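# Observations on the three-dimensional arrangement
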Amino acid sequence: MRLSRYFLPTLRETPAEARIVSHRLMLRSGMIRRASAGIYSWLPLGFRVLKKIETVIHEEMTAAGAQAVLMPTLQLADLWRESGRYDVYGPEMLRIADRHDRDMLYGPTNEEQITQIVRDDIRSFRDLPRNLYHIQWKFRDEIRPRFGVMRGREFLMKDGYSFDLDFEGAKRSYNIMFVAYLRTYARMGLKAIPMRAESGPIGGDLSHEFIVLADTGESAIHADKRLFAMDPRADGVDLEGDLEPVVKRWTSLYAATDDKHDPATCPLPAGDLVEARGIEVGHIFYFGTKYSEPLGCAVTMPDGERRVLHGGSYGIGVSRLAAAIIEASHDDAGVVWPDAVAPFDVGLVNLKSGDADCDAAADDLYGKLRGAGVEVLLDDREERAGVKFADMDLIGLPWQLAVGPRGARAGTVELKRRAGGEKHELAADAALQRILDKSA
RNA sequence: CGGGGCGUGGCGCAGUCCGGUAGCGCACCUGCUUUGGGAGCAGGGGGGCGCUGGUUCGAAUCCAGCCGCCCCGACCA
């Protein structure tokens with residue numbers, strides 16, 4: 001992509017409304033614009049990030065045996081009356097009437113919708129278990145939306161739902177998601193710690209929040225320092241095998257959010273305790289027959305018994321993750337995107353657009369990178385070098401490649417890694433090779 | 001919803017107390033000079049001050065109502 005033709009409205013100054021760093025940087029780097037309180041438009045750069053996050057999630061969900069579907073944003077109120085939640089949900093639910101004056105709602109979540117689908121088309125024990133998910137916009141009319149997309153009213157969520165014959169099966173589905181979630185966040189360059197959460201009316205301990213560490217996070221957390229040394233990708237986990245030991249390893253170590261932490265009863269000595277801040281980016285829980293029962297979601301067992309299904313649901317805040325990743329990865333100059341979710345792999349800066357040597361060298365690199373399947377943003381604008389560098393640092397692409405008049409004639413370029421900032425003057429082909437090696 | 005604050009070109013702000021017909025920086029356009037970390041000079045374009053109604057010879061400035069937005073609290077991916 002050539003920046004001269006790309007819609008990337010960066011801001012030199014910070015809009016007054018933005019208080020936290022992710023919100024400021026998302027506005028300044030031209031990722032989002034506010035449409036109204038808690039509702040945002042995603043501009044090309046931001047939309048790319050959203051899609052990258054979705055891709056990671058899709059890959060990990062597929063690997064975990066879940067299947068992607070897409071359910072509607074608008075749902076019939078009658079469906080929610082079946083589960084009883086239409087009256088329980090309160091003003092956070094956006095209620096709408098269509099032209100026939102039929103009560104509808106903009107879905108804040110989809111348990112009812114997915115349960116209806118499974119109820120209508122899954123009838124035999126042979127068809128279980130199933131794990132279906134979608135990535136769809138949700139609306140919750142929050143009392144106080146804030147911090148940009150961190151707590152928006154409209155937000156993109158991955159919500160998945162498992163259906164099993166019994167508790168044992170549901171527990172297994174839960175464990176698979178538990179592990180898949182750890183892997184998903186790790187791939188995005190995030191350290192996510194699972195923490196025991198309120199499990200609601202069903203009871204038991206099958207509910208965990210996933211908290212990503214960020215200095216600017218909303219909640220304080222207290223956790224065993226050993227949790228931070230664990231790498232979910234290092235296990236080489238077999239998702240088909242028994243995951244109970246893996247889940248146990250994570251859940252047996254102390255981790256609590258501020259409201260559940262009491263220094264007086266904390267089992268860990270201060271030296272083993274990490275006090276940090278975090279952002280909730282996921283929540284999983286087992287809810288048994290809470291929806292299957294009232295909605296009549298059941299299958300026939302081998303002996304003819306009608307068995308009500310056990311469900312679980314698994315959420316990831318996709319749009320919130322875009323902000324959370326920035327909170328966890330930025331510096332004074334701007335965003336520092338982890339490779340997996342960066343909107344482009346490489347920012348190629350032509351330091352002197354219009355100079356024949358520079359143009360030729362930049363175009364050559366641009367073509368070669370694209371030919372190798374690397375996503376490149378070429379800054380070919382008629383701007384001064386300083387402006388281009390500042391914008392590149394702001395939008396935070398993992399690699400920067402600068403082509404200037406001196407280098408263009410000598411056949412060299414400057415390669416900079418955004419994270420860390422190391423710069424190397426290299427032959428163009430060597431720089432190209434280094435990017436290909438590292439991004440492979 | 002309770003408490004606090006703010007709405008003036010795309011962004012950041014001044015002007016409002018003490019009414020006289022809108023200003024600064026950045027951005028944008030043109031020209032010249034400049035050119036490896038947010039250039040300099042010169043010349044331009046763009047807003048009638050959130051909306052509605054009132055007071056007044058005259059309202060961004062005063063009054064009333066409404067709308068929108070931000071911050072603190074309870075809730076949430």
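Residues numbered from 1 in each chain as written. Chains lettered and ligands numbered in written order. Predicted model: local features only at pLDDT ≥ 70, side-chain atom pairs only at ≥ 80, totals over all residues. Heavy atoms only, no water.

### Thoughts on the protein's contact with RNA strand B
The environment of RNA strand B is formed by 45 residues, the closest being Glu-13, Ala-16, Ala-37, Arg-151 and Asp-393. Those atoms of RNA strand B that come within 4 Å of the protein belong to sugar or phosphate at a rate of 46%. In this structure, a phosphate oxygen belonging to RNA strand B sits 2.8 Å away from a side-chain N or O atom of Arg-144. Here Glu-414 contributes a side-chain N or O atom positioned 2.9 Å from a base nitrogen of RNA strand B. Elements supplying a minimum of two residues to the surface near RNA strand B: strand E1 (32-36), strand E8 (154-164), strand E13 (273-288), helix H11 (385-395), helix H12 (405-410) and strand E22 (412-417). Ranked by residue count, the leading element in the surface near RNA strand B is H11, at seven residues. Considering only residue class, the surface near RNA strand B consists of 15 nonpolar, nine polar and 21 charged. (Near = heavy atom within 4 Å. Polar contact = N/O pair within 3.5 Å; in protein donor to acceptor, adjacent residues only side chain to side chain. Helix = DSSP H or I, 4+ residues; strand = E, 2+ residues; numbered from the N terminus. Nonpolar A, V, L, I, M, F, W, Y, C, P; charged D, E, K, R; others polar.)

### Details of helix H9 (residues 318-328)
Taking burial as the measure, the 11 residues of H9 include 10 buried ones, the bulk of the element. When H9 is considered as a whole, its buried residues turn out to be Val-318, Ser-319, Arg-320, Leu-321, Ala-322, Ala-323, Ala-324, Ile-325, Ile-326 and Glu-327. (Buried < 20%, exposed > 50% of the residue type's maximum accessible area, 1.4 Å probe, protein only.)

### Considerations on the sheet that holds strand E20 (residues 376-379)
With respect to topology, five strands assemble into an open sheet ordered E20-E19-E21-E22-E23, the strand pairing being mixed. The open sheet has two edge strands, E20 and strand E23 (423-427), and neither has a second partner. This sheet shows a mean twist of 25° between the axes of neighbouring strands, independent of strand direction. Sheet contacts for helix H10 (residues 356-371): strand E19 (346-350), E20, strand E21 (399-403) and E22; angle to E19, the most-contacted strand, approximately 165°. (Pairing = 2+ DSSP bridges. Axes fitted to C-alpha atoms, helices over the stretch in contact; angles between N-to-C directions. Contact = heavy atoms within 4.5 Å.)

### Some points on unusual backbone geometry
Omega for the peptide link from Leu-128 to Pro-129 comes to 0°, which places this bond in the cis form. In this fold, Pro-129 is placed in the loop between helix H5 (111-121) and strand E7 (130-139). Despite not being glycine, Asp-101 shows a phi value in the positive range, around 65°. Positionally, Asp-101 belongs in the loop between strand E5 (94-97) and strand E6 (103-106). The phi dihedral of Phe-147 is positive, around 60°, even though this residue is not glycine. Following the sequence through the fold, Phe-147 ends up in the loop between E7 and E8. The exposure class of Phe-147 is partly exposed, given its relative accessible area of 23%.

### Comments concerning empty space enclosed by the protein
Counted according to the given criterion, the structure contains three cavities of 30 Å³ or more. Lining the largest cavity are Gly-38, Ile-39, Tyr-40, Trp-42, Trp-137, Val-149, Glu-154, Phe-155 and Ser-319. Counting residues per element, the ones that place at least two in the lining of the largest cavity are strand E2 (39-42) and E8. If one sorts the elements of the lining of the largest cavity by residue count, E2 sits on top with three residues. (1 Å grid on protein atoms, 1.4 Å probe; cavity = no way out; pocket = protein on both sides within 12 Å on 5 of 7 lines; lining within 4 Å. Points joined across faces, edges and corners; volume = space filled by probe spheres on them.)

### Notes on the layout of surface pockets
As a volume, the second largest pocket reaches approximately 220 Å³. As for the second largest pocket, its lining consists of 13 residues, of which Ala-64, Pro-129, Asn-131, Ser-173 and Ile-176 are closest to the centre. Contributing elements (two or more residues each) for the lining of the second largest pocket: E7, E8 and helix H6 (167-187). The dominant element in the lining of the second largest pocket, judged by the number of residues it contributes, is H6, at five residues. Taken together, the residues of the lining of the second largest pocket break down into four nonpolar, six polar and three charged.

### Observations concerning the pattern of salt bridges
The final tally for this structure, using the stated rule, is 32 salt bridges. In this structure, the salt-bridge partner of Arg-102 is Asp-98, at a minimum N-O distance of 3.9 Å. Taking the relative accessible area as the measure of exposure, Arg-102 reaches 44% and is therefore partly exposed. A salt bridge links Glu-244 to Lys-248; the shortest N-O distance between them is 3.4 Å. Of this pair, Glu-244 and Lys-248 both sit in helix H7 (residues 244-251), four residues apart, roughly one helical turn. In the salt-bridge network here, residues are joined through shared partners; they are Glu-59, Glu-60, Arg-183 and Arg-187. (Salt bridge = Lys/Arg side-chain N within 4 Å of Asp/Glu carboxyl O.)

### Some details on the environment of Glu-240
Assignment of secondary structure puts Glu-240 in the loop between strand E11 (219-224) and H7. Sequence separation between Glu-240 and Leu-436 is 196 residues; the distance between their C-alpha atoms is 33 Å.

### Quick look at the sheet that holds E5
Read across the sheet, three strands follow the order E4-E6-E5 without closing on themselves; strand pairing throughout is antiparallel. Both outer strands of the open sheet, strand E4 (74-76) and E5, are each paired with one neighbouring strand and no more. Shown here is a sheet whose adjacent strand axes are inclined to one another by a mean of 40°, direction ignored. Pairing analysis gives four bridges linking E5 to E6, with the strands arranged antiparallel. Following the sheet pairing, Leu-94 is matched in E6 by Tyr-106.

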